[in-house]
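Residues per chain, in single letters:
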Amino acid sequence: MLRAGRICSGSYARHAVSSLMLGPRCLFSLESPLCSDCKCRQTNQAGDNNTKFLRPHSHGACFSTITDTVLVQARDPSQLALEIENAVDERRLDDAWKAYEKHVHMDGLPRKSVLSKLITGLAESCDAHWLNQSYNVVSHAFEEKHEFLGKEPLIYLSLTLARCALPNLAINVVRKLVKMEAYPPVAAWSAIVAHMCQTSTGAFLAADLVMELGYLFQNNRVDPRKKINHPLLSMKPNSFTFNIVLTASLMFGTTRKAEQLLELMPRIGVKPEVNLLIVMARIYERNGRRDEIQKLKRHVDEAYGLSESEFRQFYDCLLSCHLKFGDLDSAVDMVLDMLRKGKNAKRSLEAAKAVLEAVENRKLYFPYGKTEAENSCSSERPISNSQMPSYVSFFKDNGFARLELEARELLKVLSDKLQEQVGLVKSEHGILHPTETMYAKLVKAFLEADKISALASFLVKASKEECPVSVERSFVVQVINACISLGLLEQAHDLLDEMRFSGIRVGSSIYSSLLKAYCKEGQHEDDITALLKDAQQAGIQLDASCYEDLIESRVSHSNTPGALHLFKELKNSNVMKSGHKEFKTLVQGSDDNEAALTTRLVEEVRSGNTVDHAVHDWNNVIHFFCKKRLMHDAHSALNKMRASGHVPNAQTFHSLITAYAAIGGKYVEVTDLWGEMKVLAGSSSMKFDQELLDSLLYCFVRGGFFLRAMEVIEMMEKSEMFIDKYKYKSLWLKYHRTLYKGKAPKVQTEAQLKRREAAIHFKKWIGLT
């Protein structure tokens with residue numbers, strides 16, 4: 001014990017222990033509890049040249065045994081770096097993480113190669129916990145020493161985050177790459193975007209990312225002749241990138257942001273691919289831009305390489321726009337043109353079938369055709385469903401060809417889902433036909449506009465172009481039958497008269513149905529008499545149940561002679577009840593199996609979805625002025641819109657807000673619009689969507705209106721909408737970094753106090769306090 005004490009008190013020993021303890025602060029606490037009484041103080045080192053060692057049985061030995069390993073590691077961080085690498089190789093991620101934390105605590109970040117291995121190793125696990133930890137490593141390194149971060153490991157991490165449905169983290173990694181000027185090639189980040197676009201939040205963020213990167217290249221601000229710009233130009237969005245983001249925006253309903261992307265394309269010199277024309281048309285249709293679709297029509301008709309389904313989608317958009325704007329004449333012309341072409345094609349179909357049979361019988365060989373077996377062999381399992389590649393195989397793909405193929409497969413998946421939403425046009429053998437839904441919407445539009453004569457004219461023309469079917473299942477009969485089911489008896493009677501005057505046969509079931517409906521409602525004696533007379537002149541034989549209802553109606557109205565006359569007529573017509581049952585079964589079967597239009601039309605009218613056609617016209621006028629930045633004219637149009645009794649919707653306000661955001665400095669006007677929107681939301685059916693609220697939040701944060709910003713945030717969080725906090729954190733740091741940093745002034749008004757509190761609250765919300 002005394003020897004141990006002398007050793008601790010010796011000058012050389014004091015120097016040795018002291019030099020060992022010149023490490024990180026945390027090691028000073030690593031003191032053995034057995035030698036707590038041994039306090040070695042640093043004194044003069046001269047005069048003691050004797051080297052003495054601690055014996056195992058002494059208290060000093062306890063101190064040396066416990067601290068020796070830790071202190072050696074502190075002086076040699078390469079040991080910890082080696083431990084991190086070995087743990088990652090052996091998939092001991094817990095040990096790798098502990099070693100990393102020790103390294104950071106003792107000596108800061110490990111060297112670049114070790115950091116890259118840790119990031120990719122954690123990412124390869126595809127586990128949500130380790131992916132978050134890997135992202136945390138990147139965030140910490142980005143703040144401390146971003147030169148320690150490698151380009152390829154970050155691309156790999158972002159791709160893995162996107163594949164594992166963490167799009168908010170994936171996009172932030174790409175943003176960090178851009179800030180580091182380690183520009184990812186478009187083939188790489190397009191694959192990241194493709195995976196992000198499989199979810200609603202990811203599609204929203206992907207559109208933001210394309211816009212952020214696109215703005216770097218707009219108006220030819222990057223000179224392609226300078227060699228220094230080549231890495232930046234390799235990141236420039238291409239037509240495929242726009243295609244996948246626009247398709248996803250359509251899929252998840254963020255079409256106003258998609259239209260902003262379309263406006264960005266010519267400004268950065270991106271020409272659309274052929275199939276992108278269809279996506280553009282669908283975006284314009286959703287936003288009510290009929291004129292833009294009309295401009296695309298010539299390009300679509302002349303385009304080479306469009307498939308049958310793509311033509312179907314385009315004409316579906318055009319028809320939908322005609323209905324939105326209440327242009328029934330154009331819609332009717334399109335439908336009749338489809339019917340006419342379909343009829344002509346059907347005439348030549350038999351000849352085509354004969355040729356095909358001849359080819360099959362003679363077993364002619366077509367060198368460019370693929371057999372079913374070849375097609376099945378060539379269809380491999382999609383890469384998008386395969387396992388995440390290791391970082392080694394990812395790194396070997398220098399040109400990112402595999403990622404590009406994977407992105408194209410994901411685009412096809414989205415496109416196939418989007419095709420399922422086409423409901424107005426169908427195709428058979430390459431010929432377009434209107435669907436029952438199209439007929440239902442068109443007939444409903446005629447009925448709402450009370451244009452019975454125009455509807456009758458359309459029915460007459462359509463029946464002449466219609467393919468031969470039984471009278472009871474014809475298009476005309478189904479429309480009149482739907483009117484009867486909806487209780488529109490006067491309209492049904494008018495249509496029946498028009499068909500009779502035009503010589504269109506309708507069969508006996510419609511007369512029977514309308515007479516029964518009249519009898520059920522009562523007070524239609526004159527109509528019943530006129531309809532019976534018309535049926536007799538047309539040689540229509542009514543069924544027994546119809547006679548029974550008519551007789552009962554006459555008796556209930558005390559018209560005994562009329563009842564007796566109908567009874568005699570029933571006896572003379574020899575209509576048996578069994579025949580009536582067969583007739584009823586036939587009609588019922590027809591209604592259930594063939595009369596899809598009748599059912600669809602009844603559902604469409606009863607849904608109550610009415611369209612204010614003028615709102616789309618006003619929205620287009622306001623949008624035009626906003627694009628030209630003529631805000632005074634835009635507000636004048638808005639006032640006229642209100643004065644004419646039309647209520648602005650989310651589309652109206654989005655055009656105004658995005659225009660103000662582009663101009664800048666007009667945040668008071670945006671605040672006024674926000675107040676009006678809140679009033680309309682409480683008194684009308686206007687709904688706040690994510691695109692509109694996100695645009696509002698951007699304006700308020702940019703302008704420093706944090707009271708209003710917190711109102712928008714509260715509304716978005718209440719509706720469980722995603723908010724990109726990273727974007728608004730960057731906005732704060734760019735424009736409001738020094739705002740309210742000092743102490744609050746002693747004298748301030750209540751309004752100033754509220755503004756300060758709102759700003760501090762927002763700063764806390766984005767994670768800066």
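This one's a predicted model, so the numbers in the text were calculated from it and none came from an experiment.

This next bit is on the overall build of the chain. Looking only at helices and strands, one finds 39 helices and two strands in the chain. In the chain, the proportion of contacts linking residues at least 24 apart, taken out of those at least 6 apart, comes to 70%. Carbon and sulfur atoms form 52% of the exposed surface of the chain, whose accessible area is close to 40,600 Å².

Our focus in this paragraph is the side chain of Thr241. For Thr241, the location among the structural elements is in helix H13 (residues 239-252). Of note is the side chain of Thr241, whose polar atom sits 2.6 Å from the side chain of Asn238. Discounting chain neighbours no more than four positions away, the residues touching Thr241 are Val186, Trp189, Ser190 and Val210.

A few words now on the pairing of strand S2 (residues 431-434). Where strand S1 (residues 425-428) meets S2, four bridges bridge the pair, whose relative direction is antiparallel. Within S2, the position partnered with Val425 by the bridge is Pro434. The turn joining S1 and S2, which pair antiparallel and follow one another in sequence, is formed by two residues; a positive phi near 55 degrees is taken by His429.

Another aspect to go through is the environment of Asp327. Mapped onto the elements of the fold, Asp327 is located in the loop between helix H17 (308-324) and helix H18 (328-362). Note: C-alpha distance between Asp327 and Ala445 (118 residues apart in sequence) is 9.5 Å. Not counting residues within four places of it along the chain, the set of residues in contact with Asp327 comprises Arg290 and His322. Only 2.6 Å separates the side chain of Asp327 from the side chain of Ser330, close enough to count as a polar contact.

Turning next to the nonpolar core. Leu246, Leu442 and Phe458 are the most contacted members of the largest nonpolar core, which totals 173 residues. Ignoring any residue separated from it by four or fewer positions in sequence, one finds Phe458 in contact with Val332, Val335, Leu336, Tyr439, Leu442, Phe446 and Phe475. Formed by 45 residues, the second largest nonpolar core is a distinct cluster that contains Ala650, Leu656, Met677 and Phe688.

A few words on the pattern of salt bridges. Counting across every chain of the model gives 36 salt bridges. Of the charged contacts, one joins Glu448 and Lys444 as a salt bridge, the two residues approaching to 3.9 Å between their closest N and O atoms. Note that Glu448 and Lys444 are positioned in helix H22 (residues 436-448) at a spacing of four residues, about one turn of the helix. The salt bridge involving Arg500 is made with Asp497; its shortest N-O contact spans 3.5 Å. Within this pair, Arg500 and its partner Asp497 are both found in helix H25 (residues 489-502), separated by three residues, close to a single helical turn.

Counted under the stated rule, the structure contains 17 aromatic pairs. Taking 5.7 Å as the distance between ring centres and 50 degrees as the angle between the ring planes, the aromatic pair formed by Trp674 and Phe688 counts as tilted. Highlighted residues: Trp674 in helix H35 (residues 667-683) and Phe688 in the loop between H35 and helix H36 (690-703), separated in sequence by 14 residues. Phe688 matches Trp674 in its accessibility class, with the two residues each being buried. An aromatic cluster is built from Tyr156, Tyr391, Phe394, Phe395 and Phe400, whose rings are joined through pairwise contacts.

What follows is about the UniProt feature "repeat: PPR" (unreviewed entry) in the chain. The residues that UniProt annotates with the feature "repeat: PPR" (unreviewed entry) are residues 238-272, 507-542 and 614-648. Taken end to end, residues 507-542 is 75% helix and 0% strand, and its two terminal C-alpha atoms sit 10 Å from one another.

Its location among the elements puts Leu601 in helix H31 (residues 596-606). Expressed as a C-alpha distance, the spacing of Leu601 and Asn481, which sit 120 residues apart in the sequence, is 9.9 Å. Filtering out sequence-adjacent residues up to four positions away, Leu601 remains in contact with Ala440, Val443, Lys444, Val479 and Ala482.

Turning our eyes to something else, we now look at helix H4 (residues 78-89). Helix length check: H4 (twelve residues) gives 17 Å between terminal C-alpha atoms against 16 Å at 1.5 Å per residue, within 8%. Looking only at H4, the buried set comprises Leu80, Ala81, Ile84, Glu85, Ala87 and Val88. Looking straight down H4, one finds its buried side chains confined to an arc of 165 degrees; they lie on one side.

It is the contact of helix H9 (residues 167-179) with helix H11 (residues 200-214), at a shortest axis distance of 9 Å, that shows an interaxial angle of 15 degrees. The angle between H9 and H11 places the two elements in the roughly parallel class. For the element pair H9 and H11, the recorded crossing hand is right-handed. Residues Pro167, Asn168, Ile171, Val174, Arg175 and Val178 of H9 touch H11, and the partners they reach there are Thr201, Gly202, Leu205, Leu209, Glu212 and Leu213.

A word on the environment of Pro231. Take Pro231: it is sitting in helix H12 (residues 230-233). Overall, Pro231 belongs to the partly exposed group, its relative accessible area being 42%. Pro231 sits 46 residues away from Pro185 along the chain, and the two C-alpha atoms are 7.8 Å apart.

Attention now goes to a negative patch on the surface. Judged by side-chain charge, Asp450, Glu490, Asp494, Glu498, Asp526 and Asp527 come together as a negatively charged surface patch. A per-element tally of the negative patch places H25 first, with three residues.

Glancing now at the side chain of His493. Relative to the helices and strands, His493 resides in helix H25. A polar contact is formed between the side chain of His493 and the side chain of Tyr518, at a distance of 2.8 Å. With near-sequence residues (within four places) excluded, His493 lies in contact with Leu514, Tyr518, Asp527, Leu531 and Asp534.

Next up on the list: unusual backbone geometry. Although it is not a glycine, Arg91 sits at a positive phi angle of roughly 60 degrees. Looking at where Arg91 falls in the secondary structure, it is placed in the loop between H4 and helix H5 (93-107).

What follows is about the confidence of the model for the chain. Summing up the model confidence of the chain, the mean pLDDT is 81 and the portion of residues at 70 or higher is 80%. For the stretch residues 1-75, pLDDT sits under 50, and the model shows 57 contacts to residues farther than four places along the chain or on other chains.

It is at 12 Å that the axes of H5 and helix H7 (residues 128-144) come closest, and there the two elements cross at 20 degrees. With respect to their mutual orientation, H5 and H7 come out roughly parallel. You can see that H5 and H7 cross each other, and the crossing is left-handed. Residues Leu93, Asp94, Trp97, Tyr100 and Val104 of H5 touch H7, and the partners they reach there are Trp130, Gln133, Val137 and His140. Its residues assigned to classes, the contact of H5 with H7 comprises six nonpolar, two polar and one charged.

A few words on the state of the cysteines. Counted by the stated rule, this structure contains zero disulfides. Left unpaired, Cys546 is separated from the closest cysteine sulfur, that of Cys519, by 6.6 Å. Judged by relative accessible area, which is 1%, Cys546 ranks as buried.

About the criteria used
Residue indices follow the written sequence of each chain, beginning from 1 at its first position. Two thresholds apply to this predicted model, a pLDDT of at least 70 for residue-level local features and 80 or more for giving and counting side-chain atom pairs, whereas whole-chain, interface and lining totals are computed over all residues. Values shown for side chains rest on all heavy atoms present in the structure; no hydrogens or waters enter the calculation. Only DSSP runs of H or I reaching four residues or more are called helices, and only runs of E reaching two or more are called strands; each is numbered from the N terminus. Note on definitions: a residue-residue contact is assigned when non-hydrogen atoms from the two residues lie within 4.5 Å. In these tables, accessible area is a Shrake-Rupley quantity obtained with a 1.4 Å probe, and a residue counts as shielded only by the protein chains included in the view. Under the rule applied, a polar contact is a pair of N or O atoms within 3.5 Å (in protein, one hydrogen donor and one hydrogen acceptor; residues adjacent in sequence only if both atoms are side-chain atoms). Two strands qualify as a pair provided that DSSP identifies no fewer than 2 bridges between them. Among buried residues, those of type Ala, Val, Leu, Ile, Met, Phe, Trp, Tyr and Cys that are joined through side-chain atoms within 4.5 Å constitute a nonpolar core. Each residue is placed in one exposure class: buried if its accessible area under a 1.4 Å probe, protein chains only, is under 20% of its type's maximum, exposed if it is over 50%, and partly exposed if it falls in between. Salt bridge, as applied in this entry: a Lys or Arg side-chain nitrogen positioned within 4 Å of an Asp or Glu carboxyl oxygen. Note on ring pairs: Phe, Tyr and Trp rings are taken, using the six-membered ring of Trp, and paired if centres are within 6.5 Å. Classes follow the plane angle, with under 30 degrees stacked, over 60 edge-to-face and the rest tilted. UniProt positions are given in the numbering used here, feature names are shortened, and annotations may be inferred rather than shown by experiment. Expected span, for any helix, means 1.5 Å times one less than how many residues it has. By arc we mean the arc of the directions from the helix axis to the C-beta atoms, nothing more. Lines are fitted to the C-alpha atoms to define the axes, a helix being fitted only along its stretch in contact, and any angle between axes, read from their N-to-C directions, falls within 0 to 180 degrees. Oblique is the label for every angle not falling under 35 degrees (roughly parallel), over 145 degrees (roughly antiparallel), or within 65 to 115 degrees (roughly perpendicular). For any pair of crossing helices, the crossing counts as left-handed if the nearer helix is rotated counterclockwise from the farther one by less than a right angle, and right-handed if it is rotated clockwise. Nonpolar side chains (Val, Leu, Ile, Met, Phe, Trp, Tyr) are joined into patches within 5 Å and like charges within 9 Å, using only residues with over 30% relative accessible area and no salt bridge. Neither His nor the chain ends contribute to the count of charged residues, in which Lys and Arg are positive and Asp and Glu negative. Think of each charge as sitting on NZ of Lys, CZ of Arg, CG of Asp or CD of Glu. pLDDT is defined as a per-residue confidence score from the predictor, taking values between 0 and 100. When residues are grouped by polarity, Ala, Val, Leu, Ile, Met, Phe, Trp, Tyr, Cys and Pro land in nonpolar, Asp, Glu, Lys and Arg in charged, and all others, Gly among them, in polar. Disulfides are defined as pairs of cysteine sulfur atoms found within 2.5 Å of each other.

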